[in-house]
Amino acid sequence: MTDGDVGLDSAGDPYAWLPAVVVSSVAQTSRARSLTLAVPGLRSARAGQHVDLRLTADDGYTAVRSYSLSDVRASNDAGSGGAGRVPRIEVTVERFDDGEVSPYLVDAAEPGDPIEVRGPIGGWFVWPPTEFEPDSAVHAVLPEPDGAAPPTSAPVQLIGGGSGVAPLMAMVRARGRDAPPMRLLASVRDPGSRWFVTELDEAARASSARAASGPHSAAGEGPGSFAVDWVHSREAPEGHARRAGRLTRDELGRLVLPASEHPLVYVCGANSFVAVVAGWMVELGHAPTRVRTERFGGV
Ligand SMILES: Cc1cc2nc3c(=O)[nH]c(=O)nc-3n(C[C@H](O)[C@H](O)[C@H](O)COP(=O)(O)OP(=O)(O)OC[C@H]3O[C@@H](n4cnc5c(N)ncnc54)[C@H](O)[C@@H]3O)c2cc1C
């Protein structure tokens with residue numbers, strides 16, 4: 001592991017505020033929007049990391065909130081289109097009507113608007129996972145399950161509740177054709193709350209098409225494969241195989257990669273969602289060391 005992997009950069013203060021500018025935005029739903037920010041001087045970001053955003057009012061009042069990166073591919077020179085290009089990141093924000101910051105980001109922020117960025121932050125809830133040296137204390141504290149593939153080559157199970165799909169989307173987007181199989185379970189209220197739905201469904205369709213024509217396993221879970229399952233708690237789309245209703249532990253067990261495959265599991269969403277789902281995953285036999293969580297707050 002290098003210092004850069006955990007966001008520590010000897011070249012400067014890793015937590016310095018960087019001036020950034022909104023470049024573009026795209027609506028995800030009626031309540032959520034993705035914003036692309038250009039951030040000169042940003043260190044290369046990893047899928048799963050988040051940044052802090054700082055807004056400053058005319059009277060000097062400031063507000064800071066954390067947002068996961070939903071796309072990191074242009075955060076380094078290579079992804080930005082070549083050396084010298086300004087790094088770009090995407091965040092995706094859900095509006096809380098009584099919130100201080102999210103209504104501005106979802107409804108008012110426009111290209112050219114200044115925002116300050118601190119980060120990227122995080123070295124555990126990241127994919128590809130950090131490779132720790134064999135003598136790292138991490139291995140002593142978090143032993144790997146017997147018979148499991150190393151984290152870097154383990155299949156990946158992503159589980160997102162509502163806005164919690166944001167960092168998981170960065171992971172889906174960052175995976176290459178040789179990546180371990182990846183599966184996403186996205187739990188949303190209703191069809192209108194599905195973030196990235198077109199892109200995710202298209203990625204899953206393309207993966208199925210490749211599996212049908214290539215040397216994949218019967219389940220279509222070869223390198224680079226991707227599948228998505230949508231669970232709707234309040235209202236399901238017409239014709240959807242699953243009726244609306246809250247996710248249960250038994251259903252979770254049927255929808256996720258089995259514990260026997262020792263997948264690396266990433267769970268993200270509001271506090272209650274993450275607590276319940278991560279607990280169920282452990283009850284279903286997944287090793288706690290393989291279940292990584294990110295909590296967005298709320299109840
Ligand atoms: C590491 C991290 C990453 C995050 N990534 C994202 C992201 O990618 N996209 C995103 O939309 N948000 C994300 N959040 C949540 C975000 O930081 C803010 O909390 C959220 O945008 C609300 O800010 P606000 O100023 O509008 O609301 P506030 O003025 O702070 O609060 C308004 C009301 O909303 C409630 N509330 C705040 N956050 C939540 C929540 N997550 N769930 C339920 N109720 C909540 C508060 O309790 C309060 O009642 C993340 C949080 C963390 C800690």
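The model shown is predicted, which means the values in this text are computed figures rather than measured ones.

A. Structural view of the pairing of strand S7 (residues 156-161). Burial analysis of S7 places six of its six residues in the buried class, which makes it a mostly covered element. Burial along S7 is two-sided: Val 156, Leu 158 and Gly 160 and Gln 157, Ile 159 and Gly 161, pointing in opposite directions, are all buried. Taken together, the six bridges between S7 and strand S8 (residues 182-188) define a ladder with parallel strand orientation. The residue of S8 that forms the bridge with Gln 157 is Arg 183. The sheet contact formed by S7 and strand S10 (residues 264-269) spans five bridges and is parallel. Within S10, the position partnered with Leu 158 by the bridge is Tyr 266.

B. Focus on the sheet that holds strand S3 (residues 50-56). With respect to topology, six strands assemble into a closed barrel ordered S1-S2-S5-S4-S3-S6, the strand pairing being antiparallel. Across the sheet, the mean angle separating the axes of adjacent strands is 45° when strand polarity is ignored. As paired elements, strand S1 (residues 18-29) and strand S2 (residues 32-38) share seven bridges and run antiparallel to each other. By the bridge assignment, Ser 24 is partnered in S2 with Thr 36. Strands S3, strand S4 (62-71) and strand S5 (88-94) of the sheet are contacted by helix H4 (residues 165-174), whose axis makes an angle of about 35° with S4.

C. Geometry of the domain arrangement of the chain. Here the domain parsing of the chain yields domain 1 (13-121) and domain 2 (137-295). One C-alpha centre belongs to domain 1, the other to domain 2; they are set 25 Å apart. Listed as interface residues are 15 residues of domain 1 and, on the opposing side, 14 residues of domain 2. Mapped onto the side of domain 1 that touches domain 2, the elements with two or more residues apiece are S1, S4 and S5. Here the element with the most residues in the side of domain 1 that touches domain 2 is S4; it accounts for four residues. Class assignment for the residues of the side of domain 1 that touches domain 2 results in four nonpolar, eight polar and three charged.

D. Highlighting the site of the ligand. Surveying the vicinity of the ligand reveals 22 residues, the closest of which are Gly 99, Val 101, Ser 102, Ala 166 and Gly 298. Of the residues that constitute the shell around the ligand, the class distribution is eight nonpolar, nine polar and five charged. Shared between two domains, the shell around the ligand holds at least three residues of each, these being domain 1 (13-121) and domain 2 (137-295).

E. How the structure looks around the nonpolar core. Ranked by internal contacts, the top residues of the largest apolar core, which has 64 residues, are Ile 89, Leu 168, Met 171, Val 172 and Tyr 266. It is H4 that provides the largest number of residues to this core, a total of eight residues. Lining this core are residues from two domains, each supplying at least three of them: domain 1 (13-121) and domain 2 (137-295). Those residues in contact with Ile 89 that lie beyond four places of it in its chain are Leu 37, Val 39, Leu 42, Ala 45, Val 51, Leu 69, Asp 71, Val 72 and Ser 75.

F. Summary view of helix H7 (residues 271-283). Here H7 is 13 residues long and its end C-alpha atoms lie 18 Å apart, about the 18 Å a rise of 1.5 Å per residue gives. Within H7, burial applies to Phe 273, Val 274, Val 277, Trp 280 and Met 281. For H7, the angular spread of buried residues about the axis comes to 140°, placing them on one side. Exposed positions of H7 whose direction lies more than 90 degrees from the buried face are Ser 272 and Glu 283. Note on H7: the residue one or two positions beyond its end, Gly 285, has a positive phi of about 105°.

Conventions used here
- Residues numbered from 1 in each chain as written.
- Predicted model: local features only at pLDDT ≥ 70, side-chain atom pairs only at ≥ 80, totals over all residues.
- Buried ≥ 20, exposed ≤ 12 C-beta atoms within 10 Å, placed from the backbone.
- Helix = DSSP H or I, 4+ residues; strand = E, 2+ residues; numbered from the N terminus.
- Pairing = 2+ DSSP bridges.
- Axes fitted to C-alpha atoms, helices over the stretch in contact; angles between N-to-C directions.
- Contact = placed C-beta atoms within 7 Å.
- Domains from an automatic or database assignment.
- Nonpolar A, V, L, I, M, F, W, Y, C, P; charged D, E, K, R; others polar.
- Near = placed C-beta within 6 Å.
- Core = buried A, V, L, I, M, F, W, Y, C linked by C-beta atoms within 7 Å.
- Expected span 1.5 Å × (residues − 1).
- Arc of directions from axis to C-beta.

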